[in-house]
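# A look at the structure
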2 protein chains.
Amino acid sequence: MRIGDLARASGLTTKTIRYYEQAGLMPAPPRTPGGYRDYPAEAVTRLTFIRDAQGAGLTLAEIRSVLSLRDSGQAPCGRVTELIDQHLSEIERRLVELRATREALRGLARRAARTDPGTCSQGDICTILTPAAEPRP
Amino acid sequence: MRIGDLARASGLTTKTIRYYEQAGLMPAPPRTPGGYRDYPAEAVTRLTFIRDAQGAGLTLAEIRSVLSLRDSGQAPCGRVTELIDQHLSEIERRLVELRATREALRGLARRAARTDPGTCSQGDICTILTPAAEPRP
DNA sequence: CTTGACCTTCCAGCGCACTGGAAGGTCTAC
DNA sequence: GTAGACCTTCCAGTGCGCTGGAAGGTCAAG
């Protein structure tokens, strides 16, 4: 199948598929006499896998590492499990961070509600965002 | 004060300060006869403000909009409040998204724990990540 | 006069995952 | 034979917030 067919079958663009080849995620396929890429049916599986793995939050570099294990004949389960766990803790970390940012922003919003646009025009650029004096509630 | 002093006073690098000037966040300061940038003391306040605003999650483009309101003599409180509220809802959105991703990854981790590396080597690249058959718990 | 700290400009690159466009080749249908 | 659908390669750009480096100018101390 040609790259356009593969694009339709996988839901990606031809650009993206060529990019994946260049990035080492897709092997270079054989060519037709005219120089067109000629993909086997399994290419769809591989692209679908890449999409699924991306959906799970893996980066292309990580996906490449899984695929190259696979390509060397090994079962990538261990690596995949490791990556999933890594991303889980990364997400936990980001959740904690985001919650902290949310609390900080809520504090600022409270301060903003109390701020008089008339008073705020002294010297400072904006008293809402200056972390100086948030009075203890 | 010269750019190095300002850098020390604000905790940024000279590179960053020049970048802010180029990006329209800092006004071009007067120059010494030798061509050096010569900052007034208020520059520290401005840079501190930029850092605080960044700490609140505002982008440089948003901070620029606040600063240019200020520079045109208006109180930017309204704009600032608006931006804070915007970022709050953006964060809520991301929290929801992240929690969903976490649940998805937890499902995958469960599946990974059940996967036998011997069995997984058939045709597919990795059965853990294929969203096909997650059995109802 | 020289050293060395500091400054200037300009150009280029990072990381990530693409995306756009130009210039040209190939194949099928009419 | 020609339109047009598809393909090829290559180069360059996106967004964001810087960061690095080269090549050169300025200034105070010794």
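Notes on the structure in this doc start here. (Residues numbered from 1 in each chain as written. Chains lettered and ligands numbered in written order. Predicted model: local features only at pLDDT ≥ 70, side-chain atom pairs only at ≥ 80, totals over all residues. Heavy atoms only, no water.)

## Observations regarding the interface of chain B and chain A
Stated formally: Working rule for contacts: check all heavy atoms of both residues, and any pair within 4.5 Å makes them a contact. The term buried area means the drop in 1.4 Å probe accessible area that two parts suffer when joined, counted for both and summed. In what follows, salt bridge is the name for a side-chain nitrogen of Lys or Arg lying within 4 Å of a carboxyl oxygen of Asp or Glu. Any pair of N or O atoms that falls within 3.5 Å is considered a polar contact. Within protein, one atom must be able to donate a hydrogen and the other to accept it, and sequence-neighbouring residues count only if both atoms are side-chain atoms.
Contact residues are listed per partner, giving 42 residues for chain B and 42 residues for chain A. For the pairing of chain B and chain A, the buried interface totals around 3,800 Å² over both sides, and the portion due to carbon and sulfur atoms is 78%. In this structure, the connection of chain B to chain A is made through four salt bridges. Note that B:Arg102 is salt-bridged to A:Glu92, the shortest N-O span being 3.3 Å. Seen at the junction of chain B and chain A, the total is four residue pairs in polar contact (both at pLDDT 80 or more).

## Some details on the environment of A:Tyr39
Residue and element names in this part refer to chain A. Quick reminder of the rule: For the purposes of this entry, the term helix denotes a DSSP run of H or I that reaches at least four residues, the term strand denotes a run of E that reaches at least two, and both are numbered from the N terminus. For every residue, the accessible area obtained with a 1.4 Å probe (protein chains only) is divided by the maximum for its type, and the residue is called buried under 20%, exposed over 50%, and partly exposed between those limits.
Positionally, Tyr 39 belongs in the loop between α2 (14-22) and α3 (42-55). Residue classification places Tyr 39 among the buried residues on the basis of a relative accessible area of 5%. Each residue touching Tyr 39, except ones within four places of it in the same chain, is listed here: Met 1, Arg 2, Ile 3, Leu 6, Ile 17, Glu 21 and Pro 29.

## Topic: the protein's contact with DNA strand D
What counts, and what does not: Residues are counted as near a molecule or strand when any one of their heavy atoms sits within 4 Å of it. We call Asp, Glu, Lys and Arg charged. Ala, Val, Leu, Ile, Met, Phe, Trp, Tyr, Cys and Pro are nonpolar, and the rest, Gly among them, are polar.
DNA strand D sits among 19 residues. The nearest are A:Gly4, A:Arg18, B:Lys15, B:Tyr20 and B:Tyr36. Here DNA strand D approaches the protein such that, of its atoms within 4 Å, sugar and phosphate make up 61%. Contacts to DNA strand D include A:Tyr36, whose side-chain N or O atom sits 3.4 Å from a base oxygen. Between DNA strand D and B:Tyr20, the relevant distance is 2.7 Å, taken from a phosphate oxygen to a side-chain nitrogen or oxygen of the residue. For the surface near DNA strand D, the secondary-structure elements that each account for two or more residues are α1 (3-10) and α2 of chain A together with α2 (14-22) of chain B. The greatest single-element share of the surface near DNA strand D, amounting to four residues, is contributed by α2(B). A class-by-class count of the residues in the surface near DNA strand D yields six nonpolar, seven polar and six charged.

## Remarks on the pattern of salt bridges
Residue and element names in this part refer to chain A. Across all of its chains, the model carries 21 salt bridges over all chains by this definition. Note that Arg 8 and Asp 5 form a salt bridge whose closest N and O atoms lie 3.2 Å from each other. In this pair, Arg 8 and Asp 5 both sit in helix α1, three residues apart, roughly one turn of the helix. Here Arg 8 falls in the exposed class, since its relative accessible area comes to 65%. Residue Arg 93 pairs with Glu 90 through a salt bridge whose shortest N-O separation is 3.1 Å.

## Things to note about the protein's contact with DNA strand C
Close contacts around DNA strand C come from 19 residues, with A:Lys15, A:Tyr20, A:Tyr36, B:Gly4 and B:Arg18 the closest. Considering the 4 Å shell around the protein, atoms of DNA strand C inside it are sugar or phosphate in 61% of instances. Side-chain polar atom of B:Arg18 to a phosphate oxygen of DNA strand C: 2.2 Å apart, as the coordinates give it. For DNA strand C, a phosphate oxygen lies 3.0 Å from a polar atom in the side chain of B:Arg31. Per element, the largest residue contribution to the surface near DNA strand C is four residues, and it comes from α2(A). Tallied by class, residues from the surface near DNA strand C come to six nonpolar, seven polar and six charged.

## Quick notes on α2(A)
All names here are of chain A. To be explicit about the condition: For this quantity, the arc is that covered by the directions from the helix axis to the C-beta atoms.
For α2, every residue scored as buried is listed here: Ile 17, Tyr 20 and Glu 21. Within α2, the buried residues cover an arc of 105° as seen down the axis, which keeps them to one side. When the buried face of α2 is taken as reference, the exposed residues oriented beyond 90 degrees from it are Lys 15 and Gln 22. Lining the buried residues of α2 we find α1, α3 and α4 (60-71). Positioned one or two residues after α2, Gly 24 has a phi angle of 80°, which is positive.

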